[in-house]
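Residue strings, one per chain:
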Amino acid sequence: MINYKIVRAKRKTVSLSVNDALEIVVRAPYYVCEKEIDQFVLLNEKWIEKALEKKRSQIEKFNLSEAEINHLVLEAKKIIPERTAYYARLMELMPAGIKITKAKKRFGSCSSKNSLCFSCFLMLYPMEAIDYVVVHELAHIKHHNHSRDFYKLIKNYMPDYKEREKLLKQ
C-alpha cells in the first residue's frame, strides 16, 4: 500500500501531487470517503512512480553548493538580460526591469508592473529552453494570463515553443 497524506478542502475534484519531502499528497473534497481515495491512489500508481522519480531528479539537479549557485547567478546576469533585450526588440515589448533570483519553483515571472524575474537555475537548461522562458515572460507584458492569445503571441516568435517547453520538464 502506498502511504499518502490527505488534505481536505472545499473543492470538487481529487488530485495528486508529490511535495519536496517526497510525500504523496491527495487533495480531496470533504465528502469523498477514504475508500474512494485509496482506489484513486491505486489507479494512479504509475503516475505516482513517475512523479516521485521526477521530483527526485529535480531535487538532485537543484542540490548545489552556494558557490555553484552564485556561479549560476553570475552566468544568468550575463546571458538572460541579453536574450531578453533581443526578444524584447523583436516582440516590441519592453519590461520595466529584469531581476535574477534563486527561485527553485518557477523559472520566471512577470509582475503587474511588467518587471520580469528569472531563476538562475535556468542556466542548467539548454539555450532553447532559456529563450522560451524569456519569450513566455515577455508575452505576459501584453497578456497577463495564459489565454489563447497569449500562446498565439508566443507562437508568432517561437513556432517550436512546445518542444522548448518540454526541455524544462526533463
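All values derive from a computational prediction rather than experimental measurement.

Draft legend 1. Geometry of the pattern of salt bridges. Under the criterion given, the structure shown has six salt bridges. Between lysine 55 and aspartate 20 there is a salt bridge, with its nearest N and O atoms 3.2 Å apart. Of this pair, lysine 55 sits in helix H2 (residues 45-62) while aspartate 20 sits in the loop between strand S2 (15-18) and strand S3 (24-29); the two residues are 35 residues apart in sequence, bridging distant segments of the chain. The class for lysine 55 is buried, based on a relative accessible area of 15%.

Draft legend 2. Quick look at the environment of lysine 12. By the element assignment, lysine 12 lies in the loop between strand S1 (5-9) and S2. Among residues more than four places away in sequence, those in contact with lysine 12 are Pro29 and Tyr31.

Draft legend 3. Spatial organisation of the nonpolar core. Judged by nonpolar contacts, the single largest core of 34 residues is most densely connected at Ile80, Met91, Phe118, Cys120 and Leu138. When contributions to this core are tallied by element, the ones reaching two or more residues are helix H3 (66-91), strand S6 (115-119), helix H4 (127-142) and helix H5 (148-157). Here this core takes nine residues from H4, the largest share from any one element. Residue contacts for phenylalanine 118: discarding those within four places in its chain leaves Ile80, Thr84, Ile98, Lys99, Ile100, Thr101, Phe107, Gly108, Val133, Val134 and Glu137. Membership of the second largest hydrophobic core comes to twelve residues, among which are Ile2, Val26, Ala28 and Leu52.

Draft legend 4. Structural detail: the sheet that holds S6. Taken together, three strands build an open sheet; the order of strands is S4-S6-S5 and the sheet is mixed. Sheet topology places strand S4 (97-101) and strand S5 (108-110) at the edges, where each strand pairs with a single neighbour. Ignoring strand direction, the axes of neighbouring strands in this sheet form an average angle of 15°. Sheet analysis places S5 next to S6, joined by three bridges and oriented antiparallel. Paired with cysteine 110 across the two strands is leucine 116, which belongs to S6. On top of the sheet, H3 reaches S4 and S6; it is set at about 150° to S4, its chief contact.

Scoring rules and cut-offs
Residues numbered from 1 in each chain as written. Predicted model: local features only at pLDDT ≥ 70, side-chain atom pairs only at ≥ 80, totals over all residues. Heavy atoms only, no water. Salt bridge = Lys/Arg side-chain N within 4 Å of Asp/Glu carboxyl O. Helix = DSSP H or I, 4+ residues; strand = E, 2+ residues; numbered from the N terminus. Buried < 20%, exposed > 50% of the residue type's maximum accessible area, 1.4 Å probe, protein only. Contact = heavy atoms within 4.5 Å. Core = buried A, V, L, I, M, F, W, Y, C linked by side-chain atoms within 4.5 Å. Pairing = 2+ DSSP bridges. Axes fitted to C-alpha atoms, helices over the stretch in contact; angles between N-to-C directions.

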